[in-house]
Amino acid sequence: MKDLFDPILVEDTKQRILRLRLESERQWGSMAVAQTLAHCTSGIEMAMGVIHAKRAPFPANLIARLSSRWSSATTGRCVATRPHRRSCSQRAQQTVNS
């Protein structure tokens, strides 16, 4: 599994980010380049403690606690080891264009 503790992967990731342009074509989902970068940045900021998530209201936080207990008990059986697939709409476009 890839992680950002590998210096080669870090450099590759930096180069990929530097190659992004506003007109870059979407490859994985429906977000534009700016939305994708904001999404990734907010996750990193949260992990670093720069921003803090708001606590969910009552029913949602109870469900979250129960589901986290369930998921920790079943993690070994439920986690996929394959990488995520590209979105269906893009595969459909590639099929049409072929």
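Residues numbered from 1 in each chain as written. Predicted model: local features only at pLDDT ≥ 70, side-chain atom pairs only at ≥ 80, totals over all residues. Heavy atoms only, no water.

Looking only at helices and strands, the protein has four helices and zero strands in total. Helices (α) and strands (β) of the protein occur, in sequence order from the N terminus, as α-α-α-α. Here the protein holds 98 residues, and the buried ones make up 6% of them. Entry remark: accessible area of the protein is about 9,300 Å², with carbon and sulfur atoms responsible for 61%. (Helix = DSSP H or I, 4+ residues; strand = E, 2+ residues; numbered from the N terminus. Buried < 20%, exposed > 50% of the residue type's maximum accessible area, 1.4 Å probe, protein only. Areas by Shrake-Rupley, 256 points an atom, 1.4 Å probe, with all protein chains shown as cover.)

As a further point, take a nonpolar patch on the surface. Judged by side-chain polarity, Ile-44, Met-46, Met-48, Val-50 and Ile-51 come together as a nonpolar surface patch covering roughly 490 Å² of accessible area. Residue placement: Met-48 occurs in helix α2 (residues 33-48). Using a relative accessible area of 63% as the deciding quantity, one classes Met-48 as exposed. (Patch = residues over 30% accessible without salt bridge, like charges linked within 9 Å, V, L, I, M, F, W, Y side chains within 5 Å. Salt bridge = Lys/Arg side-chain N within 4 Å of Asp/Glu carboxyl O.)

Before going further, it helps to examine the confidence of the model for the protein. Confidence along the protein averages 76 in pLDDT terms, with 68% of residues attaining 70 or more. Per-residue pLDDT, averaged within each element of the protein, yields its smallest value for helix α4 (residues 88-97) (54) and its largest for helix α1 (residues 7-19) (91). (pLDDT = per-residue confidence, 0-100.)

What follows is about α2. Along its 16 residues, α2 runs 23 Å from first to last C-alpha, staying within 8% of the 22 Å computed at 1.5 Å per residue. Immediately downstream of α2, the backbone of Gly-49 shows phi near 85°, a positive value. (Expected span 1.5 Å × (residues − 1).)

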